[in-house]
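Coordinate analysis (summary)
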Amino acid sequence: MRIALEHAQVAATQGEVPVGAVVLDETGQVIGVGHNDREASHNPLGHAEVVALSAAAAHLESWRLDGCTLVVTLEPCTMCAGAAVQSRIARIVFGAFDQKAGAVGSLWDVVRDRRLPHRAEVVSGVLAAESAQVLSDFFASARNISS
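This section reports on the structure supplied with the text. (Residues numbered from 1 in each chain as written. Predicted model: local features only at pLDDT ≥ 70, side-chain atom pairs only at ≥ 80, totals over all residues. Heavy atoms only, no water.)

Moving on: the overall build of the protein chain. Secondary structure assignment for the protein chain yields five helices and five strands. Start at the N end of the protein chain and walk to the C end: the helices and strands fall as α-β-β-α-α-β-α-β-β-α. Whereas a compact globule of 147 residues would reach a radius of gyration of roughly 15 Å, the protein chain reaches 14 Å, a difference of no more than 12%. Considered along the principal axes of its C-alpha atoms, the protein chain spans approximately 50 × 30 × 25 Å. Across the 147 residues in the protein chain, those meeting the buried criterion constitute 43%. Within the protein chain, residue pairs in contact and separated by at least 24 positions form 55% of the contacts whose partners lie at least 6 positions apart. Carbon together with sulfur atoms contributes 53% to the accessible area of the protein chain, which is approximately 7600 Å² in total. (Helix = DSSP H or I, 4+ residues; strand = E, 2+ residues; numbered from the N terminus. Rg over C-alpha atoms; globule rule 2.2 N^0.38 Å. Buried < 20%, exposed > 50% of the residue type's maximum accessible area, 1.4 Å probe, protein only. Contact = heavy atoms within 4.5 Å. Areas by Shrake-Rupley, 256 points an atom, 1.4 Å probe, with all protein chains shown as cover.)

Right, here's the structure in full:
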């Protein structure tokens, strides 16, 4: 989670919503990292999770991320939860809950939906206060700039 938090800080310095993500293989080796880059890439898919999952798939030369863990500072949205399911990710570890758009337990629970052929293990609230603080600081700063 500390690596994901570092990437969230990078996003913040680039004017992006500060969310960072890391994909670990079964041995715990980092095989993909990412942070939000929607503004820079002009891409609605530029969420930290999608960037990290794509990097991990490229590293493994396979879209199947069986046995891998996605670590992200903010609870994934429906798009990112769906991408995790489609990649066959084994586990999702996240920091702060997202009461407005969270799809891993808050509003929806996409990754553990019994109707889907693949379900991921979920570990929530890891360094939640630190993850939430990065977001709070970013939005407080953005409000001060626009005032």
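Additional details are given in the paragraphs that follow.
The phi torsion at E61 lies on the positive side, around 55 degrees, for a residue other than glycine. For E61, the position within the fold is in the loop between α3 (48-60) and β3 (69-74).

Here we take up the pattern of salt bridges. Summed over all chains, the structure comprises four salt bridges. A salt bridge links E130 to R2; the nearest nitrogen and oxygen atoms lie 2.5 Å apart. With E130 in helix α5 (residues 128-146) and R2 in helix α1 (residues 2-13), this residue pair connects regions lying 128 residues apart in the sequence. With a closest N to O distance of 2.5 Å, R115 and D113 form a salt bridge. Looking at D113, the relative accessible area reads 19%, which means it is buried. (Salt bridge = Lys/Arg side-chain N within 4 Å of Asp/Glu carboxyl O.)

Relative to the elements of secondary structure, S87 occurs in the loop between α4 (78-86) and β4 (91-96). By relative accessible area, which is 7% here, S87 ends up buried. For S87, the contacting residues outside a window of four places in its chain are L53, W63, R64, L65 and D66.

Nonpolar side chains tend to gather and get buried jointly when the protein is soluble and globular. Core analysis: the largest hydrophobic core is formed by 27 residues, its most contacted members being V23, L65, L70, I89, I92 and V111. At the level of elements, β1 (20-24), α3, β3, α4 and β4 are the ones that each hand at least two residues to this core. Element by element, the count of residues in this core is highest for α3, at five residues. Apart from residues no more than four positions distant in its own chain, V23 is found in contact with Q29, V30, I31, G32, A52, L53, A56, C68, T69, L70 and I89. Of all hydrophobic cores here, the second largest spans eight residues; its members include M1, A4, L5 and V22. (Core = buried A, V, L, I, M, F, W, Y, C linked by side-chain atoms within 4.5 Å.)

So, about α4. C80, A81, A84 and V85 are the residues of α4 that are buried. For α4, the angular spread of buried residues about the axis comes to 145 degrees, placing them on one side. Of the surrounding secondary structure, the elements contacted by the buried residues of α4 are α3, β3 and β4. Backbone geometry just after α4 places R88 at a positive phi near 65 degrees. (Arc of directions from axis to C-beta.)

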